[in-house]
Amino acid sequence: MINAPTIILVGPMGAGKTTIGRLLSQQLDREFFDSDRVIEENAGADIPWIFEKEGEEGFRRRETQTLEAMLSEEQLPIVLATGGGIVMMEENREMLKQQPLVVYLFASVAQQLQRTSKSNNRPLLKQGDPKETLTRLFAIRDPLYREVASVIVETDSRHPKTVANKVMDAI
Ligand code: S3P
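Residues numbered from 1 in each chain as written. Predicted model: local features only at pLDDT ≥ 70, side-chain atom pairs only at ≥ 80, totals over all residues. Heavy atoms only, no water.

### Looking at the packing of aromatic side chains
- A full pass over the atoms with the stated rule returns 4 aromatic pairs.
- Both rings, one in Tyr104 and one in Tyr145, keep their centres 4.9 Å apart while their planes meet at 40°; by these two values the pair is tilted. Separated by 41 residues along the polypeptide, Tyr104 in strand β4 (residues 102–106) and Tyr145 in helix α6 (residues 130–148) bring together distant segments of the chain.
- Residue Tyr104 is classed as buried on the basis of its relative accessible area of 0%. (Phe/Tyr/Trp six-rings, centres within 6.5 Å; stacked < 30°, edge-to-face > 60°. Helix = DSSP H or I, 4+ residues; strand = E, 2+ residues; numbered from the N terminus. Buried < 20%, exposed > 50% of the residue type's maximum accessible area, 1.4 Å probe, protein only.)

### Details of the pattern of salt bridges
- Summed over the entire model, instances satisfying the criterion amount to 11 salt bridges.
- One salt bridge connects Glu57 with Arg61, and the closest N-O pair in it is separated by 3.7 Å. With Glu57 and Arg61 both in helix α3 (residues 47–72), this residue pair falls 4 residues apart, about one helical turn.
- For Arg93, the salt bridge goes to Glu147, with nearest N and O atoms at 3.6 Å. Residue Arg93 is located in helix α4 (residues 90–97), and its partner Glu147 is located in helix α6; the two are separated by 54 residues in the primary sequence.
- Relative accessible area serves as the criterion here: at 14%, Arg93 is assigned to the buried category.
- Through salt bridges with shared partners, a single ionic network connects Arg93, Glu94, Lys97 and Glu147. (Salt bridge = Lys/Arg side-chain N within 4 Å of Asp/Glu carboxyl O.)

Dropping the structure here:
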């Protein structure tokens, strides 16, 4: 078994963090968590509901609490997929920078758009034109993903299994 630390996946919506995270957790035989799902479980409500009732601000508060809890718990190394906006809060970036293995799954805006086109549970893509939103968010967030990541893996032209193998190579 590979002796690797907790692996944290960051990147935009549609980068494939959940898909790649599941593959990595199988390959490494360790538990997989998706911060969005943990937030939903703790809130007893889904993300669109949280955005509607508490605004993006409320969601970000929950996201920070969740990240903090997941990283501070005494637990076996895990694979953690994060929401695309996790890097928006400075305190989250500071927590991520202290982690030994943060992987930025890079996807172009065109790919992000294609991979999110059927999703119905991303409130930020319901406001205005999704392409404009993803382009605007990418301009802000790409430097922040790079700031916290120790490894960058390009996902556009790759099958998920190949992306997972690239991450494994980096461990
Ligand atoms: C968000 C991304 C989503 C989710 C929420 C906000 C963002 O996660 O956390 O809708 O700000 O980019 P995914 O990146 O898993 O879609």
